[in-house]
Structure formats: structure tokens, C-alpha cells
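Remarks on the overall topology
Okay, here's what each chain looks like letter by letter:
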Amino acid sequence: RFIAKPCAINLGIQDSGPHRAQPNAILEKVFTSITKSPDGKRLEGLSKQLDWDVRKIQRWFRHRRNQDKPTTLTKFCESMWRFTFYLSIFLYGIKFLWSAPWFWDTRQCWYNYPFQPLTSRLYYYYILELAFYWSLMFSQFTDIKRKDFLIMFLHHLATIGLITFSYMNNMVRVGTLVLCLHDASDFLLEAAKLANYAKYQRLCDAFFMLFGIVFIVTRLGIFPFWILNTTLFESWELIGPYPSWWLFNGLLITLQILHIIWSYLIIRIAYKALVRGKVSKDDRSDVESSSEEEDATSNSTKGVFSTSSNGSNRVNG
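Treat the numbers as computed from the prediction; the structure is a model and nothing was measured.

We now examine the pattern of salt bridges. The final tally for this structure, using the stated rule, is four salt bridges. Salt-bridge contacts for arginine 219 lead to aspartate 186; the nearest nitrogen and oxygen are separated by 3.6 Å. With a gap of 33 residues between them, arginine 219 in helix 10 (residues 201-238) and aspartate 186 in helix 9 (residues 172-197) connect regions that are remote in the sequence. Accessibility classification places arginine 219 together with aspartate 186 in one group, the buried group.

What follows is the structure, given as C-alpha cells:
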């Protein structure tokens, strides 16, 4: 309200939403009471009742659905909040871990386990991260549904489960490594969203490409060969398997599977960007495309980051 909104206004971002559908009592009743996406049979019935072309009715429903989407100003403010949080928590994590011995030698995560001290800085790091992911879990149900809703739901469950489980079992050392690694790329994605909303396309593309590189390096390189290596093999060697060992590593492997899925989506978007010369529209976008005629006559420059009001792009891990 006091920081992001003035910044958005100074960048010329207006508090205006998508094109509004023309008032129609019959279609509005169908939209609010029956369905927001009528099938072919219902479209034909409405066409006869209103003497409208089926394509015109489809366009009305498309505009009506988009009408409820958040404005660019709202999305900019949410992305700016997320950018601030991700960058701050990442810098805090790096500063904290730089002097931690297990940051340089992962075997230190298991020495003298489970009798390892819980410092105040480590405690607050964990509590802040857990609170943030709980907020994402709750907001997902009130946010606009996306194609990756189930994937994100599983991701939040796995993340909250890992943070809580590792804290209860005092696996906080390796837990801090996982948290910091996941925060390394998220602020870059939010920066790309901010540039996109402000219509700085080249800056947006640059941030997205940088985000893609960092994401793939950390999630497909460092995470399996550094984190999974210590939780699967070094822990087995130093303290041996125990009942919770299987659950802990099962959740980490679930995260790795999600990393592979998102990396595929990022690579596909990056490939389209190289082919078309700019970052293409996100497959998970919350604003639906207009008809072919409208697309042909409009200067559509929507980018990959057309996200919902809570900014959930959510490649965010």
C-alpha cells in the first residue's frame, strides 16, 4: 500500500483490468448460476435464444471470466512483496550459513545427531519459512485455479511437511541447506514479473533467462548431488537408517520430481523465447486469450508472468 503501489504508479501501471463484457442479464445468470464455461449444446441454445453468433457468446464468457481477474497493479504489488521476502530471506540464509560448518562440509549435518544445538538465528529462519509456506497453502484455495494447482498443492504439502518434520527431528542443519537452495532462484522470477508488469520486455526476458539458469543449476544439479547425496548416503553411513529416514527422504525425492517437471516447463518457455524473440505466454496464465480475430487486431504482448493476485507463478519452490 505505501511502497509497492506508489512504485507501480510511478512506472505508469494503471489500476485497470481486462476488457469488460457487455451487460447481458441472460448470460450473466448462466455465468453466475449454472456454468462459467458452457459446453457446445448450451452455447447453441443461448445462440438461438439471443440470436447471437456462437463465437460472440464464447467471447462474452471469455471476457466475463477475465473480468474477475486481478489488475496489473494488484499483481505488481503482490510480486513486489514476494520479491522483497524471497530476497531478504535468501540473504539472511546466506549470511547465516556462511559461518556454519555444515555449509562447507555436509557430513557435519550428521555428526553428534540428534544432539545438536538449536540457535536463535536458526530457529527464526525456520519459523519465517514455515509461516510463509503456510500462507501460500491457504491463499492457493482463494486464488484463481491454474493448470498446475495439483502440482503446487503437492509442493506446499511436501515443503510444509519437510520443514515441520525436520524441525521436530532436529534435522535443522540439512533443512537450512534445502531452504536456502530453494530461495536462490525465486526472487529472480519475481523480478522478472515486476519488469513484465512495467513493460520492460528485455529486462523481463533477461531476468527470466537468469532465473531459468539458476533454477536448473540449483534444482537439477546442486539439490540431487549435494542435498540428496547427504540425506541418502552420508546419513546412512554416519547414523544408519531409522524409521523417519524413509519419510524424510521420500519427501525430498517428491520435491525432486516436482523440480524436474518445472524445469521442463522452463526449458520449453525458454525455447519458445529463442524462436520468437521474446518470452512467450505462460501456459498457466490466469488471463485467457481473446479470439483469433481479436488477437490479430490487438497488440498482444502478454508475457510469461501473467499471474494471479498472490503472484503464484509459481515456479516458486
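Checked against the element boundaries, glutamate 190 lands in helix 9. In sequence terms glutamate 190 and leucine 87 are 103 residues apart; their C-alpha atoms lie 9.6 Å from each other. In terms of polar contacts, glutamate 190 uses its side chain to reach the side chain of serine 79, at 3.4 Å.

For the rest of this paragraph, the subject is the packing of helix 2 (residues 25-33) against helix 3 (residues 40-50). Relative orientation of the contacting elements helix 2 and helix 3 amounts to 160°, with a least axis distance of 11 Å. On the basis of their axis angle, the class for helix 2 and helix 3 is roughly antiparallel. Once helix 2 is placed against helix 3, the crossing between them reads as right-handed. Here helix 2 contributes Ile26, Leu27 and Val30 to the contact with helix 3, which in turn contributes Arg42, Leu46, Gln49 and Leu50. Of the residues belonging to the contact of helix 2 with helix 3, the class tally is five nonpolar, one polar and one charged.

Leu97, Trp102, Phe223 and Phe248 are the most contacted members of the largest nonpolar core, which has 55 residues in total. Going through the elements one at a time, helix 5 (72-98), helix 6 (101-104), helix 7 (120-142), helix 8 (149-168), helix 9, helix 10 and helix 11 (243-276) are the ones with two or more residues in this core. Tallying contributions element by element places helix 9 first for this core, with twelve residues. Leave out the neighbours within four places in its chain, and leucine 97 touches Trp102, Phe103, Trp104, Thr176, Leu177 and Cys180.

A cis amide bond links tyrosine 113 to the next residue, proline 114, at an omega of 5°. As for its placement among the helices and strands, proline 114 is situated in the loop between helix 6 and helix 7. Positive phi is not limited to glycine here, since aspartate 51 has a value of about 60°. Inspection of the secondary structure assignment puts aspartate 51 in the loop between helix 3 and helix 4 (54-67). Although it is not a glycine, asparagine 170 adopts a positive phi angle of roughly 60°.

Our focus in this paragraph is the environment of arginine 55. Mapped onto the elements of the fold, arginine 55 is located in helix 4. On the basis of relative accessible area, arginine 55 is assigned to the partly exposed category, the value being 31%. For arginine 55 and leucine 43, which are twelve residues apart along the polypeptide, the C-alpha to C-alpha distance reads 9.0 Å.

A word on the side chain of asparagine 170. You can see asparagine 170 is positioned in the loop between helix 8 and helix 9. Assessed through its relative accessible area of 14%, asparagine 170 is described here as buried. At 3.0 Å, the side chain of asparagine 170 forms a polar contact with the backbone oxygen of glutamine 116. In contact with asparagine 170, other than residues within four places in its own chain, are Tyr113, Pro114 and Gln116.

The terminal C-alpha atoms of helix 4, which comprises 14 residues, lie 20 Å apart, in line with the 20 Å expected from a rise of 1.5 Å per residue. Here helix 4 has its buried residues at Ile57, Trp60, Phe61, Arg62, His63, Arg64, Arg65, Asn66 and Gln67. The backbone nitrogen of arginine 55 lies 2.9 Å from a side-chain oxygen of the residue at the head of helix 4, namely aspartate 53.

Reading guide: rules and limits
- Residues numbered from 1 in each chain as written.
- Predicted model: local features only at pLDDT ≥ 70, side-chain atom pairs only at ≥ 80, totals over all residues.
- Heavy atoms only, no water.
- Salt bridge = Lys/Arg side-chain N within 4 Å of Asp/Glu carboxyl O.
- Helix = DSSP H or I, 4+ residues; strand = E, 2+ residues; numbered from the N terminus.
- Buried < 20%, exposed > 50% of the residue type's maximum accessible area, 1.4 Å probe, protein only.
- Polar contact = N/O pair within 3.5 Å; in protein donor to acceptor, adjacent residues only side chain to side chain.
- Axes fitted to C-alpha atoms, helices over the stretch in contact; angles between N-to-C directions.
- Parallel < 35°, antiparallel > 145°, perpendicular 65-115°, else oblique.
- Left-handed = near helix turned anticlockwise from the far one by under 90°.
- Contact = heavy atoms within 4.5 Å.
- Nonpolar A, V, L, I, M, F, W, Y, C, P; charged D, E, K, R; others polar.
- Core = buried A, V, L, I, M, F, W, Y, C linked by side-chain atoms within 4.5 Å.
- Expected span 1.5 Å × (residues − 1).

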